[in-house]
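Given next are the chains, with one letter for each unit.
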Amino acid sequence: MHRYGPVPRSLVAIGAACALVLTVGPTRGVATPAAPAAHNGRIAYSVGPILPEPDLSGASQVFTVNPDGSDVRQLTHVAAPDQAGDPNYSPDGTRIAYVSNAGGTFQIWTMRADGTGQRQLITDPGHDAFVPRWAPDGKHLVYTRCTSPFGFAECTIAIVGRDGHGVHDITGGHWVDFDARYSPDGRTIAFSSNREGLLAAIWRMAPDGGGLRRLTGPDLEAFWPDYAPDGAHVLFTSNFERPISQIYTMTPNGKRVTQLTSFTDQSGDFASYSPDGRQVVLDFNGALAVMNADGSGIHTIVSPDNLVLADWGPRS
Amino acid sequence: MTTVLRFRRRLAVVLALAVTAALVPSGPARASHPVRDGKIAIGSSSDAKIYSLNPDGSDFRELADGYTPDWSPDGRRIAFEVDDATGDHIYTMAADGTDQRPVFADQPGYRDDIPRYAPDGRIVFARCHDEQPEGCALYSVRLDGTGLTAITEFKDGIFDYWQAVAPDGRIAFARFNAGGIQAQVYVANADGSHPQAITDPALLATVPNWSPDGARVTFGSNCCRLGGNVYTVSPRGTHLRQLTHTTYPLNSSDPAYSPSGTRIAFTSNRNHPDRCCTDLYVMSADGTHQTLVLTGLTDVGHVAWGRQP
């Protein structure tokens, strides 16, 4: 029992949930050059602890479902104990990126939205890949690239072309940088990190790694950022009320931090916006749940009783 | 108990001499003997044993099964921790490893780690709970196991650990996970009041240790990560100095001032690019003259430097 400190709490919240409020949407008078409003399609999700912490021992598969909970389809069928999970729709909704260790280490895979054509996108010896997210132009993906020198986890934010070429790190420094997303205009990447000795905070940078800046304070223990489709807000999960996780929003500059949920005995976490920006899909104590973008009206879609990582696809 | 009485008698004598010296303006004042650096005690996690040796590596001896040794202020005894099937227990022993005595049995469900002698003869230790609510808080207890007193408050998810007691009783310790910060060194009064963080969160500071005059705190950086180094800082968090410059992914850590305050012992794996092994080093208190001390061990940790009795 003589490690030099207790195991730092993982970036991953395992916890509880309920509902809340704040308006997302057109802010003030200035018109954001918003992309044409996308319509909500199916929700892709995985069931299982497919993140480096705290546990990679459970099974995980990728599914899709209609937002009303109907027509559940299992897209991956990796043999246990291998895992597949954390799906992300391409901007046009025709493809899904996900991670799987069916090829040995955790790497990015892609498939068509119906689950056909599964292939491993990159081979990257000595590294594991997590949290793949498409760039708005669909030409490449940003992801979390981890190594474990001498048993100490270190992760960078990396980019890879959609053809699997051109892997390169855009962060460094021996920290755990994690769960990156592009802003809708493609000019910014938000991610979470333990930089500066914090348990977790959300940072942003340019896609080349420049202009690195922390957006959230230490207390929030913020992670899993997601930009609203109009770019006006960033959604994130906070472990501030440990062991309960809550969903927050802020502006892309880290201003107007607003708590959306007030869960009391359950946790909500790993939240992301629907394509039309009006709803949020999240893990609600091991269930796939949907709520309004103001935090109200949370309801469960599927209840697998395991960590759910979900992404809401566009209607194609 | 005998130890406490003996220590208190010694203290009384020293105080009396000091008072006498103060009252008598001139004369060859022999108020206190100069403190001489004695043996270094080290722990080895890989074989769970405590050893002692001279600072030049001579007279290396195995003392006991256990962890985290700390010297009594008079250099005659060592407090340490014994982990067995029933938990982590605090013991003391004579400097040669004989006369091992438990201070008290653990409270069920808790483990008691890192005993440190306080100047009043009590033992300050970290009591941890591993189930929810999980955490560690600092307590003190008399050597006969009575008078258990809380120093820091137990809070879910917060770990107060690696405490060190200054000669005037102030306590430096590492606090983990408070306010979203992974690790910081704090300094508090002997009763735990007025805890102040003295290190920048980015330093990931842990394992603090006091200079004998109470004017500096040395600590290891990059807790739980690769590439840590030994620093010193004032107890108010000013005048930070980096003493070692070990490069990533190697570490230097576990610093302990010598009782004279002129040297610091520490551990490092700098000679082992594969991080296989951690050695004992001694340097001057300003970071110069860093010297490897051969021990024959592959995993030196938990350094404490005693005075010559």
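Fair warning: this is a prediction, and the values are worked out from it, not measured in the lab.

Novice: For this particular structure, what's the right way to read the overall build of chain B?
Specialist: Within chain B, the secondary structure is distributed over 1 helix and 24 strands. Residues classed as buried in chain B amount to 46% of the 309 residues present. Contacts in chain B between residues far apart in sequence, at least 24 positions, make up 40% of those at least 6 positions apart.

Novice: What is the right way to look at the overall build of chain A in this model?
Specialist: Secondary structure summary: chain A contains 0 helices and 24 strands in total. Taking all 316 residues of chain A together, 53% fall into the buried category. Relative to all contacts within chain A whose residues are 6 or more apart in sequence, the contacts with residues 24 or more apart total 47%.

Novice: Explanation requested: the sheet that holds strand β21 (residues 279-284) of chain A in the structure shown.
Specialist: Adjacent strands of a sheet form backbone hydrogen bonds with each other and so pair up, either parallel or antiparallel. Residues and elements named next belong to chain A. Pairing in this open sheet of 4 strands is antiparallel, and the strands run β20-β21-β22-β23 from one edge to the other. On the outer flanks of this sheet lie β20 (268-273) and β23 (299-302), each paired with one strand and no other. Here the strands of the sheet are splayed against their neighbours by 35° on average, with no regard to which way each runs. Where β20 lies against β21, 4 bridges are found, and the strand directions are antiparallel. Counterpart to Tyr 273 in the pairing with β21 is Val 280.

Novice: Even after reading the chapter, I still don't get the pairing of strand β13 (residues 171-176) of chain B, so can you show me in this structure?
Specialist: Residues in a regular strand project their side chains so that they alternate between the two faces of the sheet. Residue and element names in this part refer to chain B. The buried count for β13 comes to 6 of 6 residues, which makes it a mostly enclosed element. Here β13 shows two buried faces, one formed by Ile 171, Phe 173 and Arg 175 and the other by Ala 172, Ala 174 and Phe 176. Here strand β12 (residues 159-165) pairs with β13 via 5 bridges, running antiparallel. Along β13, the bridge assignment pairs Tyr 161 with Ala 174. Adjacent in sequence and paired antiparallel, β12 and β13 are bridged by 5 residues, among which Gly 169 carries a positive phi angle near 95°. Pairing between β13 and strand β14 (residues 183-188): 6 bridges, direction antiparallel. Within the sheet, the bridge partner assigned to Phe 176 lies in β14 and is Ala 183. Adjacent in sequence and paired antiparallel, β13 and β14 are bridged by 6 residues, among which Asn 177 carries a positive phi angle near 75°.

Novice: In this structure, what is going on with the pairing of strand β24 (residues 301-307) of chain B? I would like to understand it.
Specialist: Residues and elements named next belong to chain B. Burial analysis of β24 places 7 of its 7 residues in the buried class, the great majority of the element. As judged from the 4 bridges shared by strand β1 (residues 37-44) and β24, these two strands associate in the antiparallel manner. Pairing of Gly 43 across the sheet is with Gly 301, part of β24.

Novice: Where do I start with the interface of chain B and chain A in this structure?
Specialist: One frequent convention defines the size of an interface as the accessible area lost when the parts assemble. Facing 30 residues of chain B, the contacting portion of chain A comprises 21 residues. Among the secondary structure elements, those contributing two or more residues to the side of chain B that touches chain A are β8 (110-117), β13 and β16 (206-210) of chain B.

Novice: Would you mind going over the confidence of the model for chain A with me for this structure?
Specialist: Fine structural detail should not be taken from predicted coordinates in areas where pLDDT scores are low. Mean pLDDT over chain A stands at 87; residues scoring 70 or higher make up 85%. With pLDDT under 50 throughout, residues 1-34 of chain A is counted as low confidence; its partners more than four residues away or in other chains account for 98 contacts.

Novice: Help me understand the sheet that holds strand β5 (residues 77-84) of chain B, please; the structure alone is not making it clear to me.
Specialist: Residue and element names in this part refer to chain B. Taken in spatial order, the 4 strands line up as β4-β5-β6-β7 in an open sheet, and their pairing is antiparallel. Each having just a single partner strand, β4 (67-71) and β7 (101-104) make up the two edges of the open sheet. The average undirected angle you get between the axes of adjacent strands in this sheet is 30°. Looking at chain direction, β5 and strand β6 (residues 87-94) are connected through 8 bridges and run antiparallel. Within β6, the position partnered with Ala 79 by the bridge is Thr 92.

Novice: Is there a simple way to explain the environment of Arg 36 of chain B in this structure?
Specialist: Residues and elements named next belong to chain B. With respect to the secondary-structure elements, Arg 36 resides in the loop between α1 (2-23) and β1. Residue classification places Arg 36 among the exposed positions, given that 12 C-beta atoms sit within 10 Å. For Arg 36 and Ser 258, which are 222 residues apart along the polypeptide, the C-alpha to C-alpha distance reads 8.7 Å.

Novice: Sorry, what's going on with the confidence of the model for chain B here?
Specialist: Residue and element names in this part refer to chain B. Confidence in the prediction for chain B averages 89 pLDDT; 89% of positions are at 70 or higher. Low confidence marks residues 1-31, where pLDDT is under 50. Its contacts with residues over four positions away, or in another chain, come to 18 contacts. Among the prediction metrics, the complex's ipTM stands at 0.85, with pTM recorded as 0.87.

Novice: When you look at unusual backbone geometry in this model, what are you seeing that I'm missing?
Specialist: Keep in mind that most residues, glycine aside, have a negative phi and that most peptide bonds are trans. Here Arg 242 of chain A and Pro 243 of chain A are connected by a cis peptide whose omega angle stands at 5°. Here Pro 243 of chain A lies in the loop between β17 (234-238) and β18 (246-250). Omega for the bond connecting Gln 132 of chain B with Pro 133 of chain B falls within 30 degrees of zero, at -10°, which places this linkage in the cis form. Relative to the assigned elements, Pro 133 of chain B resides in the loop between β9 (123-129) and β10 (135-141). Backbone geometry places Glu 196 of chain A, a non-glycine residue, at a positive phi of 65°.

Novice: I tried to follow the nonpolar core on my own but got confused; where do I start?
Specialist: Note on soluble globular proteins: their nonpolar side chains tend to be buried together. Core analysis: the largest hydrophobic core is formed by 157 residues, its most contacted members being Ile 108 of chain A together with Ala 265 of chain B. Leaving out residues up to four positions away in the same chain, Ile 108 of chain A has contacts with Ala 97, Val 99, Leu 121, Ile 122, Ala 129, Pro 132, Leu 141, Tyr 143 and Val 160 of chain A.

Novice: Please clarify how the environment of Ile 96 of chain A should be interpreted in this entry.
Specialist: All names here are of chain A. Tracing the sequence through the fold places Ile 96 in strand β5 (residues 95-100). A C-alpha to C-alpha distance of 9.4 Å links Ile 96 and Gln 118, two positions 22 residues apart in sequence. In this view, Ile 96 contacts Ala 44, Pro 87, Asn 88, Tyr 89, Thr 110, Met 111 and Ala 113; residues no more than four positions away in its chain are not counted.

Novice: Honestly, the environment of Pro 201 of chain B in this entry has me stumped. Any pointers?
Specialist: Mapping Pro 201 of chain B onto the fold places it in the loop between β15 (196-197) and β16. Separated by 20 residues in sequence, Pro 201 of chain B and Ile 181 of chain B have C-alpha atoms that sit 6.2 Å apart. When residues no more than four places from it in sequence are discounted, the contact partners of Pro 201 of chain B are Glu 196, Gly 197, Leu 198 and Pro 218 of chain A together with Ile 181, Gln 182 and Gln 184 of chain B.

The rules behind the values
- For every chain, the first residue of the written sequence is number 1, and numbering continues from 1 onward in sequence order.
- Ligands are numbered from 1 and chains lettered from A, in the order in which they are written.
- Local features are withheld for residues below a pLDDT of 70 in this predicted model, meaning they are given only at 70 or higher, and side-chain atom pairs are given and counted only at 80 or more; totals for whole chains, interfaces and linings count all residues.
- Strands are runs of DSSP state E lasting at least two residues, helices are runs of H or I lasting at least four, and both sets are numbered from the N terminus onward.
- Residues with at least 20 other C-beta atoms within 10 Å of their own are called buried, those with 12 or fewer are called exposed, and the rest are partly exposed. The C-beta atoms themselves are positioned from the backbone.
- Residues are scored as being in contact if the C-beta atoms we place from backbone atoms lie within 7 Å.
- At least two bridges found by DSSP between two strands is the condition for calling them paired.
- Geometry is summarised by axes, namely lines fitted to C-alpha atoms with helices restricted to the contacting stretch, and by angles between N-to-C directions that run from 0 to 180 degrees.
- A score between 0 and 100, pLDDT records how confident the predictor is in each residue.
- In this usage, the nonpolar core is the set of buried Ala, Val, Leu, Ile, Met, Phe, Trp, Tyr and Cys residues whose C-beta atoms join them within 7 Å.

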